Amino acid sequence: MSNRFNNEIFEQLTWQVESGADELIEEESQNRLETETPLSDDSNRQPANKVSNNVDSELNISEKIAQSNSYNILTPNEICSTCNSIKELASAIEAYKGCSLHRTATNTVVFDGNPKAKLMIIGEAPGAEEDRSGRPFVGNAGKLLDRMLAAIDLNRNDCYITNILYWRPPGNRTPTTDEINLCKPFVKRQIEIVDPSVIILAGGISAKALLDRPEGITRLRGKWYQISTSAKLKPKYAIAMFHPAYLLRQPQAKREAWEDLQEVRKKLAITS
């Protein structure tokens, strides 16, 4: 085999890695667009009379799930209405196939920490290490988060940690609006079940998604907001902060992160 041919192969592989194709998923390539699941909630819904043969269209959601053995016929909001514990919700998220990201992800990454914690941390999306381990905030960013928590006398057992998305976007690309909107009901249901006193929104994606604000993280951070998930429930205090991965790239921003952590400590002392 000539050196020229080898160089061409190397250049092609390098281009693919730089474009985000950095992991081998299957031995043979597939055209996933042929079976792609539509991203909108309405398109995931099938007519009730197709749930199973001769099934009454008036079945409640729990019965639909039991008889269909699938979450594909239900919207995220309908699925969330059937889940009353984090264990149930985590199982439902893992079974959900309405978001196409699950096709290329190794693991579904739902949460880590204590479901009864008063502090909830919501990040952006799993990276490569999170995808392999099935846990949010691991690797160097996770180690920095652990040090940040220790600075205010907390650890992972004192927190409930999750992300806006539960599957890694290929090549760690920015999640699309459709992907975020599909996952938001699951995030809000976690907030309702955990019932934290304080929420940290780590990174611009989670902050903008849950605060419904267009500004970037630099403008949003360091201020207190309230997140409402239901008219029946009391709003939760939330503060936006720089993501630990950003702080690794921009260590000069650690001073602002330290200021935000002090605000979290004060708010926990008042609300707990």
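The structure we're discussing is the one just above.
Keep in mind it's a predicted model, so treat the numbers as computed, not measured. (Residues numbered from 1 in each chain as written. Predicted model: local features only at pLDDT ≥ 70, side-chain atom pairs only at ≥ 80, totals over all residues. Heavy atoms only, no water.)

Caption draft 1: Inspection of the packing of aromatic side chains at higher detail. What the rule picks out here adds up to five aromatic pairs. Arranged with centres 5.5 Å apart and planes meeting at 65°, the rings of Y96 and F186 form a pair that is edge-to-face. Here the residue Y96 occupies a position in the loop between α5 (86–95) and β1 (111–113), and F186 occupies one in helix α8 (residues 177–194), the gap between them amounting to 90 residues. On the accessibility criterion, Y96 (1% relative accessible area) is buried. F186 sits in the buried class, given a relative accessible area of 0%. (Phe/Tyr/Trp six-rings, centres within 6.5 Å; stacked < 30°, edge-to-face > 60°. Helix = DSSP H or I, 4+ residues; strand = E, 2+ residues; numbered from the N terminus. Buried < 20%, exposed > 50% of the residue type's maximum accessible area, 1.4 Å probe, protein only.)

Caption draft 2: Focus on the nonpolar core. Formed by 65 residues in total, the largest nonpolar core has its most connected members in L119, I121, I122, W167, L201 and V264. For this core, the element with the highest residue contribution is α8, accounting for seven residues. The contact partners of L119, leaving out residues within four places of it in the chain, are L149, L154, D158, C159, Y160, P196, V198, I200, V264 and L268. (Core = buried A, V, L, I, M, F, W, Y, C linked by side-chain atoms within 4.5 Å. Contact = heavy atoms within 4.5 Å.)

Caption draft 3: Looking closely at unusual backbone geometry. Although it is not a glycine, D195 sits at a positive phi angle of roughly 55°. By the element assignment, D195 lies in the loop between α8 and β4 (198–202). Among the residues examined, D195 registers a relative accessible area of 37% and is labelled partly exposed. Although it is not a glycine, D212 adopts a positive phi angle of roughly 55°. Relative to the assigned elements, D212 resides in the loop between α9 (204–211) and α10 (217–220). We classify D212 as exposed; its relative accessible area is 58%.

Caption draft 4: Layout of the environment of Q252. In this structure, Q252 sits in the loop between α11 (244–249) and α12 (254–271). On the basis of relative accessibility, which here comes to 55%, the residue Q252 falls in the exposed class. Reaching out from Q252, the side chain makes a polar contact with the side chain of Q250 at a distance of 2.5 Å. (Polar contact = N/O pair within 3.5 Å; in protein donor to acceptor, adjacent residues only side chain to side chain.)

Caption draft 5: Examining the sheet that holds strand β3 (residues 159–163) more closely. Pairing in this open sheet of six strands is mixed, and the strands run β1-β3-β2-β4-β6-β5 from one edge to the other. Two strands lie at the open edges of the sheet, namely β1 and β5 (224–227), each paired on one side alone. The sheet shows a mean angle of 25° between the axes of neighbouring strands, direction not considered. Two elements, β4 and strand β6 (residues 236–241), share five bridges in a ladder whose sense is parallel. Bridge pairing in β6 places L201 opposite A240. Sitting on the sheet, helix α7 (residues 139–151) is in contact with β2 (119–123), β3 and β6, with an inclination near 150° to β2. (Pairing = 2+ DSSP bridges. Axes fitted to C-alpha atoms, helices over the stretch in contact; angles between N-to-C directions.)

Caption draft 6: Local environment of empty space enclosed by the protein. Counted according to the given criterion, the structure contains one cavity of 30 Å³ or more. Of the voids in this model, the largest cavity is the one considered here, and its volume is about 70 Å³. Lining the largest cavity are I121, F137, L145, M148, L149, I200, A202, M241, F242, P244 and L261. Broken down by secondary-structure element, the contributors of at least two residues to the lining of the largest cavity are α7 and β4. With three residues, the top contributor of residues to the lining of the largest cavity is α7. For the lining of the largest cavity, the per-class residue count stands at eleven nonpolar, no polar and no charged. (1 Å grid on protein atoms, 1.4 Å probe; cavity = no way out; pocket = protein on both sides within 12 Å on 5 of 7 lines; lining within 4 Å. Points joined across faces, edges and corners; volume = space filled by probe spheres on them. Nonpolar A, V, L, I, M, F, W, Y, C, P; charged D, E, K, R; others polar.)

Caption draft 7: Spotlight on α9. Across the eight residues of α9, six count as buried, placing the element largely inside the fold. Turning to α9, its buried residues number three or more, namely G204, S206, A207, A209, L210 and L211. The inward-facing, buried residues of α9 contact β2, α8, β4, α10, β5 and β6. D212 sits one or two residues past α9 and shows a positive phi near 55°.

Caption draft 8: The arrangement of the pairing of β3 in detail. The buried fraction of β3 amounts to five of the five residues, a majority that puts the element mostly inside the structure. Side chains C159, I161 and N163 of β3 all project onto a buried face; the interleaved residues Y160 and T162 project onto the opposite face, where all are buried too. Here β1 runs beside β3; their pairing, made up of three bridges, is antiparallel. Within β3, the residue paired with G113 across the bridge is Y160. As paired strands, β2 and β3 are joined by five bridges and run parallel to one another.

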